[in-house]
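Residue strings, one per chain:
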Amino acid sequence: RFTNRLQARASWSNSVGRPPMATLLPLETANVNQETLTINNPALKPQLSENWDAMLEYYFEPVGQLSAGFFRKDIKDFIVRSPFGTVGVGADNGYNGDYAGYTLISQFNGGNAVIEGWELNYSQQLSFLPGALRGLGVFANYTRLTTEGNYGGEASLGTNEVADFVPETANAGVTFSHRRISARLNSNYTGTFLDTYNVDRSRLLYRKGRWIHNLNLSYRINSFLSLSCDIVNVLNEPQQLYRYLPSRQ
């Protein structure tokens, strides 16, 4: 702690991320529209991670915070979702003759990855404003990371080639509370990232970045009962995907 308002934090840790139980059950899920067959992998191993974090924090009066941080994660055996073949034709294709020509997809332990990133965070309760405006609060945060990894081979892949690692995320919003009424408007941004890996680069499947806006309204009837309304994705923003190039949606 440098002053009453300024302090620094640093941490080191090891962590383990086990696969969800749903992915370990020997099940198959067919998608008729996309002609894919997802096969669970009971042999999945847990992901292991060594983590380094550093943060500088400044506090406002009466309630508020501004912070900036750096983090690094060394991950082993990270889990990735990827196609691995096509269902054959005929009664002996392993699925009683069904799903002929469907793309087979499963999860596997892909190799190693190193993630480095920066994050900025701001939040403040605007209690210095007059009247009902004292109930206003604002918040925003931004995270940017770079990734380097492999899928068990020697080739090193960059940020946009490692599945499920999102290079940019951001949140911003406003909260309001006055007497029995409270409201929260939150905008969330998720940058473009690789959703499904494929050894054929032309078959890499990406999710395009998008903003989503969510609204929460609440009215407190008494100390035991409240009414609330949540509107998710207020502007009905679609999720767009593309193969390798943004023009191939």
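Residues numbered from 1 in each chain as written. Predicted model: local features only at pLDDT ≥ 70, side-chain atom pairs only at ≥ 80, totals over all residues. Heavy atoms only, no water.

Visitor: Describe the sheet that holds strand 10 (residues 168-178), and please don't skip the residues or the numbers.
Guide: The antiparallel open sheet is built from nine strands, whose spatial order is 1-4-5-8-9-10-11-14-15. The open sheet has two edge strands, strand 1 (6-17) and strand 15 (226-231), and neither has a second partner. The average angle at which neighbouring strand axes cross in this sheet is 10 degrees, direction not considered. Relative to strand 8 (residues 112-125), strand 5 (residues 64-76) is paired through 13 bridges, and the arrangement is antiparallel. Bridging from a neighbouring strand, Leu 66 pairs with Tyr 122 of strand 8. (Pairing = 2+ DSSP bridges. Helix = DSSP H or I, 4+ residues; strand = E, 2+ residues; numbered from the N terminus. Axes fitted to C-alpha atoms, helices over the stretch in contact; angles between N-to-C directions.)

Visitor: How would you sum up the environment of Ile 115? Please name residues and give values.
Guide: Here Ile 115 shows up in strand 8. Here Ile 115 falls in the buried class, since its relative accessible area comes to 5%. With sequence-adjacent residues up to four places away left out, Ile 115 is seen in contact with Phe 71, Arg 72, Lys 73, Ile 75, Leu 145, Thr 146, Thr 147 and Phe 165. (Buried < 20%, exposed > 50% of the residue type's maximum accessible area, 1.4 Å probe, protein only. Contact = heavy atoms within 4.5 Å.)

Visitor: Help me get a handle on the packing of aromatic side chains, residues and values and all.
Guide: With the rule as written, the count across this model stands at nine aromatic pairs. When the ring of Phe 60 is compared with that of Tyr 122, the centres are 6.1 Å apart and the planes differ by 80 degrees; the resulting orientation is edge-to-face. Taken together, the residues span a long stretch of sequence, with Phe 60 in strand 4 (residues 47-60) and Tyr 122 in strand 8 at a distance of 62 residues. Note on Phe 60: relative accessible area 22%, which makes it partly exposed. For Tyr 122, a relative accessible area of 28% gives the class partly exposed. Through pairs of rings, three or more aromatic residues link up here, namely Tyr 58, Phe 60 and Tyr 122. (Phe/Tyr/Trp six-rings, centres within 6.5 Å; stacked < 30°, edge-to-face > 60°.)

Visitor: Can you tell me about the side chain of Ser 106, naming the residues and giving the values?
Guide: Tracing the sequence through the fold places Ser 106 in strand 7 (residues 103-109). Engagement of the side chain of Ser 106 in a polar contact is seen with the backbone oxygen of Ile 39, the distance being 2.6 Å. The residues touching Ser 106, leaving out its near neighbours within four places in the chain, are Ile 39, Asn 40, Asn 41, Val 80, Arg 81, Ser 82 and Phe 84. (Polar contact = N/O pair within 3.5 Å; in protein donor to acceptor, adjacent residues only side chain to side chain.)

Visitor: Could you give an account of a nonpolar patch on the surface, naming the residues involved and the relevant values?
Guide: Nonpolar side chains collect at one region of the surface, where Ile 181, Tyr 219, Ile 221, Phe 224, Leu 225 and Leu 227 lie side by side and expose about 640 Å² of accessible area between them. As for its placement among the helices and strands, Leu 225 is situated in the loop between strand 14 (210-220) and strand 15. (Patch = residues over 30% accessible without salt bridge, like charges linked within 9 Å, V, L, I, M, F, W, Y side chains within 5 Å. Areas by Shrake-Rupley, 256 points an atom, 1.4 Å probe, with all protein chains shown as cover. Salt bridge = Lys/Arg side-chain N within 4 Å of Asp/Glu carboxyl O.)

Visitor: Summarise the layout of surface pockets; cite the residues concerned and give the values.
Guide: Of the voids in this model, the largest pocket is the one considered here, and its volume is about 560 Å³. Every residue lining the largest pocket is counted, 23 residues in all, and those nearest its centre are Gln 34, Thr 36, Ile 105, Leu 205 and Arg 243. Secondary structure elements with two or more residues in the lining of the largest pocket: strand 2 (28-31), strand 3 (36-39), strand 6 (79-86), strand 7, strand 12 (193-196), strand 13 (205-207) and strand 16 (241-243). The biggest single contributor to the lining of the largest pocket is strand 6, with five residues. Looking at the lining of the largest pocket residue by residue, the classes come out as six nonpolar, eleven polar and six charged. (1 Å grid on protein atoms, 1.4 Å probe; cavity = no way out; pocket = protein on both sides within 12 Å on 5 of 7 lines; lining within 4 Å. Points joined across faces, edges and corners; volume = space filled by probe spheres on them. Nonpolar A, V, L, I, M, F, W, Y, C, P; charged D, E, K, R; others polar.)

Visitor: Could you give me a rundown of the nonpolar core, with the residues and numbers involved?
Guide: Among the nonpolar cores identified, the biggest contains 16 residues, and Phe 78, Ile 115, Phe 165, Leu 194 and Tyr 197 are the most heavily contacted of them. Going through the elements one at a time, strand 5 and strand 8 are the ones with two or more residues in this core. Grouped together as the second largest cluster of nonpolar side chains are six residues, Ile 39, Val 87, Tyr 102 and Leu 104 included. (Core = buried A, V, L, I, M, F, W, Y, C linked by side-chain atoms within 4.5 Å.)

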